[in-house]
Amino acid sequence: MFSRVAQRLKAFNTALQGEGHTEWVQSLAFSSAGDKLATGSGDKTARIWSAETGEQQHVLCGHRNSVLCLAFSPAGDKLATSGEDKTARIW
């Protein structure tokens, strides 16, 4: 299991070198299936990545400050985020 997570984080790190957040990543979560990785950042966005390839799939804009917490629903079809702007969002 650990090597699988390490491999996926490596793919994610590779993706960030070419595109992605413009500020520090402050939170991350894997979907329960392990196929998606969500990140929250000081750039006021949450992003969803393919955990297999590191490819960015979605950019979620709407917070007015850093995204500090995030979690996938058990089915992996929704993402909850909260941030320094004192709001919570369901995507």
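Preceding this section is the structure that the text describes.
Now for a description of the structure that goes with this document. Just so it is clear, the structure is predicted and the values come from calculations on it, not from any experiment. (Residues numbered from 1 in each chain as written. Predicted model: local features only at pLDDT ≥ 70, side-chain atom pairs only at ≥ 80, totals over all residues. Heavy atoms only, no water.)

Let us look at the pairing of strand S3 (residues 45-50). Counting buried positions along S3 gives 6 out of 6 residues, so the element sits mostly inside the fold. Of the two faces of S3, the one lined by Thr45, Arg47 and Trp49 and the one lined by Ala46, Ile48 and Ser50 are each fully buried. For strand S2 (residues 36-41) and S3, the ladder comprises 5 bridges, and the chain directions are antiparallel. Its bridge partner lying in S3, Thr39 is registered against Arg47. Between S2 and S3, which pair antiparallel and follow one another directly, the connecting turn spans 3 residues, one of which, Lys44, has a positive phi of 75°. (Buried < 20%, exposed > 50% of the residue type's maximum accessible area, 1.4 Å probe, protein only. Helix = DSSP H or I, 4+ residues; strand = E, 2+ residues; numbered from the N terminus. Pairing = 2+ DSSP bridges.)

On the basis of which strands lie adjacent, the open sheet formed by 3 strands has the order S5-S6-S7 and antiparallel pairing. Sheet topology places strand S5 (67-72) and strand S7 (88-90) at the edges, where each strand pairs with a single neighbour. Geometrically, the sheet is characterised by an average inter-axis angle of 15° between neighbouring strands, direction not taken into account. One ladder, built from 5 bridges, connects S5 with strand S6 (residues 79-83); its direction is antiparallel. Paired with Cys69 across the bridge in S6 is Ser82. (Axes fitted to C-alpha atoms, helices over the stretch in contact; angles between N-to-C directions.)

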